[in-house]
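Residues per chain, in single letters:
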Amino acid sequence: MSYLVRAIIIPAIITIAYFYGNMILEPPQQFPTNPGINQNEIRRVAMLLNNNGTPNEYGYLKTPVLLLTESSLSTYQKLRMKKWDIVDVATDEFYLSASISDMVVLGRIHINFYDYKKGISKTFEKNILPFMTPRMSQTSYRMFNSTQDDIIFEQGDFKFEIHNIDNKVTAKYHQRNITISSPADNLYVNLLWNITSNHEGIGVVAPLDTDKTYFLYNFKYPNIPVEGIVKIDGNEYPLNYSNAASGYNWARGVWPYNTHYWQARAQGHLETGKRFSLNLGGGYAHNGTREQATEDSFHVERFMYKLNYVEPKYNYSNPNSTWTFDCVGKALPFSECHIEFTPKQMQTSSFSLFVFKSQIRTVFGTFSGFVSNEQGKKTRFENINGFIEVDVAKW
């Protein structure tokens, strides 16, 4: 390469990287809306992608029946592949959410914690170099049935593990153990899940852009019976089946460079003592013309109840103000809701490395309101702990 070419190209690359690295990321003042979504349910066991690397069908799922394999992806799609696993656990006292991700160019660990009674807040972040990212399975077909879906990451004294116990699968339940440990940060989490074979979840296959090569395949299991312990900064939180519930979020997808989305999660107990959870989300950066379902739903014990399209309303300039959520879609009969979220504490996480940049706003608070199933039966709830997360990224 000649000196003249170097003199032009190298400064140009540095300038572009500096410009993108210093861009301010802001969530949209209003997320895309599409209340006309018909809420298509995917039920049959099948391959997620066709030979062109695009989804065979868009919609929502109660069980992870779709199989995703790398062989269906183009080289470009493999470079844009993003994978994450998120574990959360909640009691009336606290909420903790911990994620591990592989974005090809970088891996990330992100942990948020909030104690509602003591007002204790903690955020933990760790970047993982590309050649050290954990092995994260592509498929959700065997989500709890195989050690191939285990995640084991260790770096120094830090540990993040999600694995089946001796690959134990019975006709009644699956067992899975989660360990997160960082002595330097006074952090220790040990969870044991017992998931019945007929435990329903909520998944979605959604487009992320007008280009069909971009998609999200996401599956969540809320209301998981859990026992164990959480230790943070000298505070201990024992967990058992009566005082706690846990959740698992598995996601794989091919993402465009510019993305944004929001999600709302809540877990707790109704006055009857039954486990209850909310799962709302959307706002992906696409025009919604091919979107066939949302992940908006609620769980009572092991059963999932699908909601119509949920529209969020919030004050863009003041994320600590009250959020409201209303079911405005008409695809499902009687699936209505009105939910209010009262913020308690906000945590902001930002990351910037040349052309790669992200910002995550996590607002912890409480949810109150009502939801109804397709038969019109209303479930009312009050002051259920949870969070809203708004994520904006360029990578």
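Cut-offs used in this document
Residues numbered from 1 in each chain as written. Predicted model: local features only at pLDDT ≥ 70, side-chain atom pairs only at ≥ 80, totals over all residues. Heavy atoms only, no water. Helix = DSSP H or I, 4+ residues; strand = E, 2+ residues; numbered from the N terminus. Contact = heavy atoms within 4.5 Å. pLDDT = per-residue confidence, 0-100. Disulfide = S-S within 2.5 Å. Buried < 20%, exposed > 50% of the residue type's maximum accessible area, 1.4 Å probe, protein only. Salt bridge = Lys/Arg side-chain N within 4 Å of Asp/Glu carboxyl O. Core = buried A, V, L, I, M, F, W, Y, C linked by side-chain atoms within 4.5 Å. Pairing = 2+ DSSP bridges. Axes fitted to C-alpha atoms, helices over the stretch in contact; angles between N-to-C directions. Phe/Tyr/Trp six-rings, centres within 6.5 Å; stacked < 30°, edge-to-face > 60°. Lys NZ or Arg CZ within 6 Å of the ring centre and 35° of its normal.

Further remarks concern the overall build of the protein. Scanning the protein from N- to C-terminus turns up two helices and 25 strands. A fraction of 59% describes how many contacts in the protein between residues 6 or more apart in sequence connect residues 24 or more apart.

For the rest of this paragraph, the subject is the confidence of the model for the protein. Confidence along the protein averages 83 in pLDDT terms, with 82% of residues attaining 70 or more. Within the model, pLDDT remains below 50 along residues 13–21, and this stretch shows nine contacts once partners closer than five positions in the same chain are excluded.

Here the focus is the state of the cysteines. Taken as a whole and assessed by the stated rule, the structure comprises one disulfide. A disulfide bridge connects C327 with C337, and the sulfur atoms are separated by 2.4 Å. Here the disulfide of C327 and C337 is right-handed, its torsion about the S-S bond being about 110°. In this pair, C327 sits in strand β22 (residues 323–327) while C337 sits in strand β23 (residues 337–353), placing the two residues ten residues apart along the sequence. Here C327 falls in the buried class, since its relative accessible area comes to 15%.

Let us now look at the environment of F276. Here F276 is to be found in strand β18 (residues 275–282). Judged by its relative accessible area of 0%, F276 falls in the buried class. Counting along the chain gives 22 residues from F276 to F298, while the straight-line C-alpha distance between them is 7.4 Å.

We now examine the pattern of salt bridges. With the rule as written, the count across this model stands at seven salt bridges. The residue E125 makes a salt bridge to R108 at a minimum N-O spacing of 3.0 Å. Here R108 lies in strand β6 (residues 107–115) and E125 lies in strand β7 (residues 121–128), a separation of 17 residues in the sequence. For E125, a relative accessible area of 35% puts it in the partly exposed group. Residue class for R108 comes out buried when judged on its relative accessible area of 9%. Of the charged contacts, one joins E301 and R275 as a salt bridge, the two residues approaching to 3.4 Å between their closest N and O atoms. One end of the pair, E301, is in the loop between β19 (297–300) and β20 (303–306); the other, R275, is in strand β18, and 26 residues separate them in sequence. Residue classification places R275 among the buried residues on the basis of a relative accessible area of 12%.

Unlike most non-glycine residues, N186 shows phi in positive territory, near 55°. Within the secondary structure, N186 is located in the loop between β10 (173–182) and β11 (187–196). Backbone geometry at N223 places phi at a positive 60°, although glycine is not the residue there.

Turning next to the nonpolar core. Among the nonpolar cores identified, the biggest contains 60 residues, and L66, L96, I109, I180, L191, W193 and V230 are the most heavily contacted of them. Not counting residues within four places of it along the chain, the set of residues in contact with V230 comprises V89, F94, L96, Y188, V189, N235, E236, Y237 and L239. Counting 25 residues, the second largest nonpolar core, distinct from the first, contains L280, C327, C337 and F367.

For N249, the position within the fold is in strand β16 (residues 245–254). Owing to a relative accessible area of 8%, N249 belongs among the buried residues under this scheme. Among all residues touching N249, those that are not within four sequence positions of it are W84, D85, I86, N218, F219, K220 and Q263.

On the basis of which strands lie adjacent, the open sheet formed by eight strands has the order β2-β12-β13-β16-β4-β5-β6-β7 and antiparallel pairing. Where the open sheet ends on each side, the last strands, each with one partner, are β2 (59–61) and β7. Adjacent strand axes in the sheet meet at a mean angle of 10°, parallel and antiparallel pairs treated alike. Bridging between strand β5 (residues 94–102) and β6 involves nine bridges; their strand directions are antiparallel. Residue pairing in the sheet places S101 in a bridge with R108 of β6.

The tally for this structure, following the rule as stated, stands at 25 aromatic pairs. Over the aromatic face of F370 sits the side chain of K378, whose NZ or CZ is 4.4 Å from the ring centroid.

Pairing is antiparallel across the open sheet formed by nine strands, whose spatial order is β20-β19-β18-β17-β25-β24-β23-β22-β21. Of all strands in the sheet, those with a lone pairing partner are β20 and β21 (310–313), marking the two edges. Adjacent strand axes in the sheet meet at a mean angle of 25° when their direction is disregarded. Direction of pairing for β21 relative to β22: antiparallel, over a ladder of four bridges. Its bridge partner being in β22, K313 is matched across the sheet by T324.

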